[in-house]
Amino acid sequence: QVQLVESGGGLVQAGGSLRLSCTTSRTIFSANSMGWYRQAPGKQRELVARITRVGTTNYADSVKGRFTISRDNAKNTVYLQMYSLKPEDTAVYYCNAARELPYENYWGQGTQVTVSS
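Residues numbered from 1 in each chain as written. Predicted model: local features only at pLDDT ≥ 70, side-chain atom pairs only at ≥ 80, totals over all residues. Heavy atoms only, no water.

(A) Up close: the state of the cysteines. In this structure the tally under the stated criterion is one disulfide. Here Cys22 pairs with Cys95 through a disulfide, and the sulfurs are 2.1 Å apart. Linking Cys22 and Cys95, the disulfide has an S-S dihedral of approximately -80° and is accordingly described as left-handed. Placement of the pair is Cys22 in strand 3 (residues 18-23) and Cys95 in strand 9 (residues 91-99), with a sequence separation of 73 residues. The same class applies to Cys22 and to Cys95, which are both buried. (Disulfide = S-S within 2.5 Å. Helix = DSSP H or I, 4+ residues; strand = E, 2+ residues; numbered from the N terminus. Buried < 20%, exposed > 50% of the residue type's maximum accessible area, 1.4 Å probe, protein only.)

Have a look at this one:
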């Protein structure tokens with residue numbers, strides 16, 4: 001069974017920072033793009049940031065300039081460094097590993113990020 005293990009969520013004041021981590025197996029990590037999604041109460045899950053196997057990144061407009069995604073291939077870990085957090089960043093953040101050919105799509109269990117005003 002594929003596991004993506006997230007950590008680093010918590011409660012932080014507006015303007016603060018957090019770093020999320022997601023670790024998986026080498027097989028999954030080396031074969032897939034890695035991403036972070038989030039889901040706020042009553043809203044659909046949305047892409048936050050994604051990084052390909054070769055390090056190409058893309059971000060949601062709402063987090064550009066504040067969040068940075070990176071991957072450590074030696075540790076099979078993807079990070080999401082979040083700065084200047086806003087209350088609207090409050091959500092459950094999910095790690096994702098995916099590729100198109102052959103199709104694979106895996107999710108972590110989610111970690112709560114709460115930003116107080």
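(B) Looking closely at the side chain of Asn96. Relative to the elements of secondary structure, Asn96 occurs in strand 9. On the basis of relative accessibility, which here comes to 2%, the residue Asn96 falls in the buried class. Of the polar contacts made by the side chain of Asn96, one reaches the side chain of Arg50; its length is 2.9 Å. Looking at Asn96, its side chain comes within polar contact range of the side chain of Asn105, at 2.8 Å. Once residues lying within four places of it in the same chain are set aside, the contact partners of Asn96 are Leu4, Ser33, Met34, Gly35, Tyr37, Arg50, Asn105, Tyr106 and Trp107. (Polar contact = N/O pair within 3.5 Å; in protein donor to acceptor, adjacent residues only side chain to side chain. Contact = heavy atoms within 4.5 Å.)

Worth remembering: the numbers are spatial, not functional.
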